[in-house]
Amino acid sequence: MYHQRFSNTIIGYLNLLTLLASVPLIGGGLWFAHSSTTCQSALQMPLLALGFVMLLVSLAGFVGACFGVAWALWLYLFAMLTLIVGLLGFTVFGFAVTVGGGGEQVAGRVYREFKLGEYSSWLKNQIADDKNWHTALACVVGSKACDKITTYTPLDYLQRDLTPTQSGCCKPPTSCTYSGGMAVAAQDGDCYRWNNAPNILCYGCESCKAGVLEQVRRSWHKISVVNVIVLVILIAIYAIGCCAFRNARRPDSGYPYGVNHMSKVNPRWDYYWWRWWRDRREQLY
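Residues numbered from 1 in each chain as written. Predicted model: local features only at pLDDT ≥ 70, side-chain atom pairs only at ≥ 80, totals over all residues. Heavy atoms only, no water.

Draft legend 1. Spatial organisation of the overall build of the chain. In terms of regular secondary structure, the chain is built from twelve helices and four strands. Residues counted as buried form 34% of the 285 residues belonging to the chain. A sequence separation of at least 24 residues applies to 65% of the contacts in the chain between residues at least 6 apart. Entry remark: accessible area of the chain is about 17,600 Å², with carbon and sulfur atoms responsible for 65%. (Helix = DSSP H or I, 4+ residues; strand = E, 2+ residues; numbered from the N terminus. Buried < 20%, exposed > 50% of the residue type's maximum accessible area, 1.4 Å probe, protein only. Contact = heavy atoms within 4.5 Å. Areas by Shrake-Rupley, 256 points an atom, 1.4 Å probe, with all protein chains shown as cover.)

Draft legend 2. Local environment of unusual backbone geometry. Look at Lys144: it is not a glycine, yet its phi comes out positive at around 55 degrees. The residue Lys144 is located in the loop between α6 (130-142) and α7 (154-159) in this model. Backbone geometry at Leu201 places phi at a positive 45 degrees, although glycine is not the residue there. Positionally, Leu201 belongs in the loop between α9 (189-193) and α10 (206-249). On the accessibility criterion, Leu201 (11% relative accessible area) is buried.

Draft legend 3. The UniProt feature "transmembrane region" (unreviewed entry) in the chain, seen in detail. Here, the residues flagged by UniProt with the feature "transmembrane region" (unreviewed entry) are residues 12-33, 45-70, 76-99 and 223-241. Secondary structure content for residues 223-241 is 100% helix and 0% strand, and the end C-alpha separation is 26 Å. (UniProt positions renumbered as here; feature names shortened; annotations may be inferred.)

Draft legend 4. Inspection of the nonpolar core at higher detail. Ile127, Trp133 and Tyr203 are the most contacted members of the largest nonpolar core, which has 29 residues in total. Every element with two or more residues in this core is listed here: α5 (121-128), α6 and α10. With five residues, the single largest contributor to this core is α10. Non-local contacts of Trp133, meaning those with residues more than four positions away in its chain, are made with Ile127, Tyr203, Cys208, Lys209 and Val212. In this structure, Ala60, Leu73, Tyr76 and Ile237 belong to the second largest nonpolar core, which totals twelve residues. (Core = buried A, V, L, I, M, F, W, Y, C linked by side-chain atoms within 4.5 Å.)

Draft legend 5. Region of the structure containing the environment of Leu50. Its place among the elements puts Leu50 in helix α3 (residues 44-67). Residue class for Leu50 comes out partly exposed when judged on its relative accessible area of 43%. Here the alpha-carbon distance between Leu50 and Ser22, two residues 28 residues apart in the chain, equals 7.8 Å.

Draft legend 6. A look at the confidence of the model for the chain. On average, residues of the chain score 77 in pLDDT, and 74% of them are at 70 or above. A low-confidence stretch, residues 251-267 (pLDDT under 50), is modelled with 15 contacts involving residues beyond four sequence positions or located in other chains. (pLDDT = per-residue confidence, 0-100.)

Draft legend 7. Region of the structure containing the state of the cysteines. What the rule picks out here adds up to four disulfides. Across a sulfur-sulfur distance of 1.9 Å, Cys146 and Cys170 are joined as a disulfide pair. Taking the sign of the S-S torsion, -80 degrees for the link of Cys146 and Cys170, the bridge is left-handed. With Cys146 in the loop between α6 and α7 and Cys170 in the loop between α8 (164-169) and β3 (178-179), the pair connects residues that are 24 residues apart, well separated along the chain. What makes Cys170 buried here is its relative accessible area of 7%. Here Cys176 engages in a disulfide with Cys191; their sulfurs sit 1.8 Å apart. (Disulfide = S-S within 2.5 Å.)

This is the structure in structure tokens:
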């Protein structure tokens, strides 16, 4: 059958793969929903939303491409276009809000230290909200990032790297000077917020918020790069889907694409048409 064209087959297989890929995403979202860890439960809504959207869109594309259902393909193309536009906007926004940051290299140390003023206004506003900050701080404490460096010696701090949260939340700024356990002279405000108690440390420091934002910035930047690749793939699938939609709308005439139906009804039709066109040209010229 001529209507079973290559583009329909390709779009069918691609959507079958994405349909199968949506199952573990939905399963992961449901698992996170029952998890007691704060950081994991925060991922449940994005995973569930992405999984169900992929499931529905892939199902519409698979049915439309394999069975030539034009309305299903139309719905699929509309949803794909919405996804592409939404993902494009999210990617541009992600690159915009992750500008800045990166921290400063500490002299004689491997790790970097971070300042809250280096980050975009949008990120700083998010961390300034008490609810968001308490959630983020619970993640830092729950990850036991500071417990991993409790046995570090002064030599370890010179030779080993630290994660942004460890650098900002688990120690005072390197520039701080203490005498008898107390900060001396005029120093960074975080030097006075630091406390050696395991449940306090520098969790109330501005540097801790900056470390959390740096961790978010790095992760978001990586996601934005991946989004660019996904966008290219989605646009390619969308183009193939447009071909499948065009094929589904063609009448099932039983003749190859490009062959005139009238030429099968009357084999001399093409010849008469050519004669008429030739005579017309001769009259004009």
